[in-house]
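# Structural description and commentary
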Amino acid sequence: MEEHSMTTAGETTPPIDGEWEYTLRPRTQPPQKGVLSLVHEGAALTARLRHPDGVSSGAATVNGSNLTWSCPIGNNPAPMRFEAVVEGDLLLGHVDLAFGAFSERAPLEAVRTGSDARVPFREGSVALVETLAASGIEYVFGYTGGVSTSLERSIVGHGGIKDFNARGELSAAWMSYGYNRMKRRAASAALTWCVGALHASPVVYASKLDSTPLVLMLMESAAAWDMRDILQDATELYPALKPLSKYIKRVVDGEDLPLAARQAVLAASTGKFGPAVLDLTQGAMYQRTTVRTEPLALPEPPAAGEASVRRTLEMIEAAERPVILAGAGIHLADATGELRRFVDTTGIPVVTSGAGGRTVLPDDHPLNAGDMSGWGYFGTGTKVAEEADLWIAVGFSFSQTATLSWSLAKPASVVHVDVEQSQLGRIFQPTLGVVADAKMYLGQLNSSLQASGARSRHRAHASQVVEIAAAKDSYAATLASFVGTDPIMPAAVGQILTEEVPAGTVFVNDEGFPVPGMMYRESKYPDGFAAPLGFHYAALGSSLPVAIGAKLAAPDRLVVSLGGDAGFYYDCGELSVLAERQLKVVTIVLNNGGLYGGRRGREHGGPGSIPAKHWTDLPETDYTAVAAGMGVPGERVEKSEQLAPAIRRAIEADGPYFIEVLTAASTMHLHLAGWPDPSPGTRRKGGHGDLTVDGSWPN
Ligand SMILES: Cc1ncc(C[n+]2csc(CCOP(=O)(O)OP(=O)(O)O)c2C)c(N)n1
Ligand SMILES: [Mg+2]
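Remember, it's a predicted structure, so these values are computed and weren't measured experimentally.

Definitions and cut-offs
- Residues numbered from 1 in each chain as written.
- Chains lettered and ligands numbered in written order.
- Predicted model: local features only at pLDDT ≥ 70, side-chain atom pairs only at ≥ 80, totals over all residues.
- Helix = DSSP H or I, 4+ residues; strand = E, 2+ residues; numbered from the N terminus.
- Contact = placed C-beta atoms within 7 Å.
- Pairing = 2+ DSSP bridges.
- Axes fitted to C-alpha atoms, helices over the stretch in contact; angles between N-to-C directions.
- Core = buried A, V, L, I, M, F, W, Y, C linked by C-beta atoms within 7 Å.
- Buried ≥ 20, exposed ≤ 12 C-beta atoms within 10 Å, placed from the backbone.
- Parallel < 35°, antiparallel > 145°, perpendicular 65-115°, else oblique.
- Left-handed = near helix turned anticlockwise from the far one by under 90°.
- pLDDT = per-residue confidence, 0-100.

Quick look at the overall build of the protein chain now. Check the secondary structure of the protein chain and you find 21 helices and 28 strands. By sequence separation, contacts in the protein chain at least 24 residues apart represent 71% of the contacts at least 6 residues apart.

Below, the structure written as structure tokens:
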């Protein structure tokens, strides 16, 4: 048995003399660092601490490789007891801290100065950041406060994740949303201090409704204070955010952080994408952990079963007039190439959802029949869809805006494909429900068709192709008639943008009525336009921060944010972020002097129940001056002939550029493509105003 006896200096086995860089880790305070000197003076060993508050020392006792001493630290005059074990160039132990009535045993670790020994532990916040990086997180967008610094310092210290601050939590979360939507996975996270977390909550819900990968981390104070209503108490944030999120965990033990981060990224980025929330308590950030981090490889998305692929092809074969319904899920699954191939092989026409499905196929593709609701697009889609005897719906959620409130005539046969089982049959019973990723499924159909050499007899009916082409021609003529008028029509802005911007431009449209205004255009580019904002949640004030996130995700592409003046009141502060970072985003604001340009929808309260102008006028505002004041150059366009040159200057500018386009309430024309069909006696429904589901599916 090994002999342990009280020893004096020089008699211990491991050498302990010299300088050690130490770190003390109390649970509820940041780590405290300093230098420990162990010095022999004759037979006695003295432990001297150099810490930020000064120097203190005490006589040390050595027992084998165990070391104990007492000395004050910090401003507290009472000596504190240290115990440590020397292991080569490491010294590990703890100190019993006592400040008045408060006492705590805090871990102590030290590394011999100049040695390259490493403490096998790291702080929870370091483990968290390591895991985020190993899970593919490239950016953290955030807003600081309280002890969010307990995580921020580790993000900065890691060096492998870029950090980016917004002018508020709402915008920080939208930026992350835009970034992830472009990357089609949680490739960024958002960080807020607890009092700001609910400011970001709209984006959590938007991500749930629009299937967007999002990881929101919120920092709160130590869990030790849970019972006391402390300053900026955060105990109710978990239940508040729970119904809005797809995944949520509150983390109080630092050892859970690697798994929590991994699970959050995985939940956000797989299946039906959605929001994951990490409610992080401060103590966990300082806690030491040896729990390992593994790189996260996202699993392959699900493919359809063989039988479903076969059955789909049989149903197509048996149909006379099949139609593909394609929505934003095609974009989210990166399946536009597979869709194009399938359409070109089979000749089946495509009808898209209103906003999210735009550009899954180029507008000028002869089989792109437009959308069913006419949200700013030519309205042939409704007719083509209603004449179909088979719908093959891929990445299409049958939303209200895509289906005229489910009032269309539905064919007897419907194939519905979705990555999430519970989406199939949610509103009506499809003939065939297929659980599969859109890209996988369309790829399987293409491979099957190729293998069998089958070229479906469904070259689209010649009459359909002619009809689609004629509708596009008349639509294009209508659009052309809007260019060059005064006051300037929102549709003209969309047309001129389409003429001027390079292929691959990313458009982010806000939720004001410029949305259809912007969409009154044709895309002449084979790759279509990316439109990274979903349209189920449809919140004002999201376009600029989403555009910023999109620009960071796709730095080589031109990014345009387009919205109305009311929407701009929410997010205009982010112009200063553009200026600060010299990020090339073109911001276009349509100034029509208020909310609801056309005063549309004012009758929802009942006929005559409210003056059209109630709460809808905005005070005159010089938006161009606001932009200049925040450091973004730009110009105000008042006459139609100024529009194209202004857009060209914006595209050519090296940095951010702002354009305020003066329009008027009278310029709105949502009826252009029949949204909603205004003729009385039809069973078409339009959206907000309907009080009953009568006349809707299932019928
Ligand atoms: C956060 C939020 N609040 C309210 C609405 C309801 N809403 C939809 S469009 C709109 C008016 C938008 O005005 P503006 O941005 O100026 O566009 P305009 O309709 O005038 O072109 C409002 C209030 C919304 N979509 N989101
Ligand atoms: Mg407006």
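From this point on, the discussion continues.
Between D486 and P487 the backbone carries a cis peptide bond, its omega angle lying at -5°. Relative to the helices and strands, P487 is located in the loop between α14 (462–482) and α15 (490–500). Cis geometry is found at the peptide bond from W697 to P698, where omega equals -10°. Residue position: P698 is located in the segment after β28 (657–662). Phi angles above zero are rare outside glycine, and S405 is one such case at about 55°.

All right, on to the sheet that holds strand β22 (residues 413–418) then. Taken in spatial order, the six strands make up an open sheet running β20-β19-β18-β21-β22-β23, and their pairing is parallel. Looking at strand neighbours, the two that pair on one side only are β20 (368–371) and β23 (432–435), the edges of this open sheet. Strand after strand, the sheet turns through a mean of 20° between neighbouring axes, direction not considered. Alignment of strand β18 (residues 322–326) against strand β21 (residues 390–394), held across five bridges, turns out to be parallel. Along β21, the bridge assignment pairs V323 with W391. Running over the sheet, helix α13 (residues 438–452) touches β21, β22 and β23 and is turned about 130° from β21.

On to the nonpolar core, then. In terms of nonpolar packing, the biggest core is built from 157 residues, with V215, L216, A393 and V394 touching the most fellow members. The leading source of residues in this core is helix α3 (residues 169–183), at eight residues. W20, L38, L49 and A110 belong to the second-largest nonpolar core, a separate cluster that totals 23 residues.

Right, let's talk about the packing of helix α1 (residues 124–134) against helix α7 (residues 257–269) for a bit. Packing of α1 against α7 brings their axes to within 8 Å, and their N-to-C directions diverge by 30°. As far as their axial angle goes, α7 and α1 are roughly parallel. Read as a crossing pair, α1 and α7 show a hand that is right-handed. Each of G124, A127, L128, T131 and L132 in α1 lies in contact with α7, whose residues at this interface are L257, P258, A261 and R262.

Take α15 next. Given 3.6 residues per helical turn, the α-helix brings residues three or four places apart onto the same face. For α15, the buried fraction is high: nine of the 11 residues fall into the buried class. If you check which residues of α15 are buried, you get P490, A491, A492, V493, G494, Q495, I496, L497 and T498.

With that settled, consider the pairing of strand β5 (residues 54–63). Here strand β4 (residues 44–51) runs beside β5; their pairing, made up of seven bridges, is antiparallel. What sits directly across from L49, in β5, is S56. Linkage of β4 to β5, two consecutive antiparallel strands, is achieved through a turn of two residues. When β5 meets strand β6 (residues 66–71), the two strands line up antiparallel, connected through four bridges. Residue A60 lies in a different strand from β6, and its bridge partner there is W69. The antiparallel hairpin formed by β5 and β6 contains two residues in its connecting segment, where G64 sits at a positive phi of about 65°.

Mapping N591 onto the fold places it in strand β26 (residues 585–591). For the pair formed by N591 and T621, sequence separation is 30 residues and the distance between their alpha carbons is 9.0 Å. Residues within four places of N591 in sequence aside, it is in contact with D565, Y623, E660, V661, L662 and T663.

Turning our attention to the sheet that holds strand β12 (residues 162–165). Read across the sheet, six strands follow the order β12-β11-β13-β14-β16-β15 without closing on themselves; strand pairing throughout is parallel. Strands at the two margins of the open sheet, each flanked by one partner only, are β12 and β15 (247–251). The average angle at which neighbouring strand axes cross in this sheet is 20°, direction not considered. Where strand β11 (residues 139–143) and β12 come together, four bridges link them in parallel fashion.

Before going further, it helps to examine the confidence of the model for the protein chain. A residue-level look at the protein chain finds 88% of positions with pLDDT of 70 or above and a mean pLDDT of 89. Here residues 1–12 is modelled with pLDDT under 50, and outside its nearest four sequence neighbours on either side it reaches 15 contacts, counting other chains as well. Per-residue pLDDT stays below 50 along residues 671–682; that stretch engages in 22 contacts with residues further than four places along the chain or on separate chains.

Along the chain, L313 turns up in helix α9 (residues 306–318). Given 18 C-beta atoms within a 10 Å radius, L313 is considered partly exposed. For the pair L313 and S448, spaced 135 residues apart in the sequence, the C-alpha separation amounts to 8.7 Å. Sequence-distant contacts of L313, defined by excluding residues within four places in its chain, comprise L445 and S448.

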